[in-house]
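# Commentary on secondary and tertiary structure
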Amino acid sequence: MKRALVFGAGGFIGGHLVDQLVADGYWVRGVDLKLTAEPSTANDFLLLDARSPSSVDRAFSCEMKFDEVYQLAADMGGATYINAGIHDADVMSNSVIINANIAKACVRYGVKKLFFSSSACVYPQVERDLSTCYEDDAYPARPDNEYGWEKLFTERMLMSFQRQYGLAVRIARFHSIVGPRSTWQGGKEKAHSALARKVAMVENGGCIEVIGDGTQTRTFLYVTDCVSGIRALMDSDVDTVINIGSDVLISIAEYVELLRSLSGKDFTVKYIPGPTGVKDRHCQVTLASQLIDWRPTTDLRTATSMTYQWIREQILYEVARPAETWPDLLKRGRT
Ligand code: NAD
């Protein structure tokens, strides 16, 4: 039986990845600062802070070696978190320390393969109508936020571990992953989850506020497709960075319309100023399709519907509890 160690197992993508690894017959240890939104299927789960080298040592200590390590733990959030400029020192230092601790431990414990979750945020925002993201477009480097710079630095750091220590490194750049269990409130939610929450909370005839002017474009990938991409990459010999995302482009205004049709509600939209991240970002998956025979299989409407329904259920669950235990957002009655 293969053994996998998953950092960030209490998070959105890490939680789904653990489910898949267990279903594939792995023995899995999950590690995180917190538990998952739903009970973890991991065989073993350690609540640890991966910024501490001794905690990372504890995570790797096991009677048998881990065959594979998956590194998804990061200090991250949506544009209102990573583009606001007020969390940059934490975002950069927390994640780079976690990544260095884990890479060094892989070498110390003789792990053969390490997966790293990089991001579309490594791509520069360029002055053209649509910002296409082929893997090589990351250079010359000009990420639009510090989170992207940290991811790009860690890509390079891990490639150097590959060259110097022979650690096989697999790196995917994720592009806006959607699905149940994504962070939907608390300040670290991404645009798609924030929009789904706003639509789920607004009353018929009400109004939702949307940051930006609605013309920004994005692609959204369903989480189970993301997990199948991670697994395909880890099972491959591909040691160059590849995009894991959808290539179906949609504007934020169109995404709101999609949510409107899924909700069956009538509401108005007020566009307001605020951090939006880059204007356009169009993921290209040619390399993933050629090298690991992977393409997204879930259409955008289904992906959005599954995400919307799950967030709606979370809100209904919260409001069914005593008001004093509600998240601040519900207490304030804000969408
Ligand atoms: P998430 O926030 O749900 O999961 C990250 C997890 O890391 C959290 O559970 C958090 O508690 C954990 N963590 C943070 N600091 C830690 C520490 N010091 N020790 C142990 N655990 C710690 O995020 P996600 O959406 O599941 O993202 C997973 C990875 O994919 C991250 O590296 C993220 O940067 C990357 N990524 C995600 C997206 C996306 O659209 N969700 C896009 C690009 C890249």
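Residues numbered from 1 in each chain as written. Predicted model: local features only at pLDDT ≥ 70, side-chain atom pairs only at ≥ 80, totals over all residues.

In the annotation of an unreviewed UniProt entry, the chain is listed under the name GDP-mannose 3,5-epimerase 1 and assigned to Tetrabaena socialis.

## Looking at the site of the ligand
For the ligand, the set of nearby residues contains 27 residues, the closest of which are Gly-11, Phe-12, Ala-50, Ala-74 and Phe-174. At three residues, the largest contribution of residues to the shell around the ligand is made by helix α1 (residues 12–23). Of the residues belonging to the shell around the ligand, the class tally is 12 nonpolar, nine polar and six charged. (Near = placed C-beta within 6 Å. Helix = DSSP H or I, 4+ residues; strand = E, 2+ residues; numbered from the N terminus. Nonpolar A, V, L, I, M, F, W, Y, C, P; charged D, E, K, R; others polar.)

## Section: the sheet that holds strand β12 (residues 242–244)
With parallel pairing, seven strands are arranged side by side in an open sheet as β3-β2-β1-β4-β5-β7-β12. Each end of this open sheet is capped by a strand with a single partner; those strands are β3 (44–47) and β12. Pairwise comparison of adjacent strand axes, ignoring direction, gives a mean angle of 20 degrees for this sheet. Note: strand β7 (residues 168–174) against β12, three bridges, orientation parallel. The residue bridging Phe-174 from the neighbouring strand is Ile-244, located in β12. Sitting on the sheet, helix α4 (residues 88–108) touches β1 (3–7), β4 (68–71) and β5 (113–119), and the angle it makes with β4 is about 175 degrees. Packing against the sheet, helix α7 (residues 223–234) makes contact with β4, β5, β7 and β12, and its axis sits at approximately 155 degrees to β7. (Pairing = 2+ DSSP bridges. Axes fitted to C-alpha atoms, helices over the stretch in contact; angles between N-to-C directions. Contact = placed C-beta atoms within 7 Å.)

## Focus: the packing of helix α8 (residues 252–263) against helix α10 (residues 300–319)
Two elements in contact, α8 and α10, have axes separated by 10 Å at closest approach and are oriented at 65 degrees. By crossing handedness, the relation of α8 to α10 is classed as right-handed. Here Leu-258, Leu-259, Leu-262 and Ser-263 of α8 come into contact with α10, specifically with Arg-301, Thr-304, Ser-305 and Tyr-308. In terms of residue class, the contact of α8 with α10 is made up of four nonpolar, three polar and one charged. (Left-handed = near helix turned anticlockwise from the far one by under 90°.)

## Details of the nonpolar core
Grouped together as the largest cluster of nonpolar side chains are 89 residues, with contacts concentrated most on Val-6, Phe-7, Leu-17, Ile-102, Leu-114 and Cys-226. Excluding anything up to four places from it in sequence, Leu-114 contacts Val-69, Gln-71, Ala-103, Cys-106, Leu-158, Leu-167 and Val-169. (Core = buried A, V, L, I, M, F, W, Y, C linked by C-beta atoms within 7 Å. Buried ≥ 20, exposed ≤ 12 C-beta atoms within 10 Å, placed from the backbone.)

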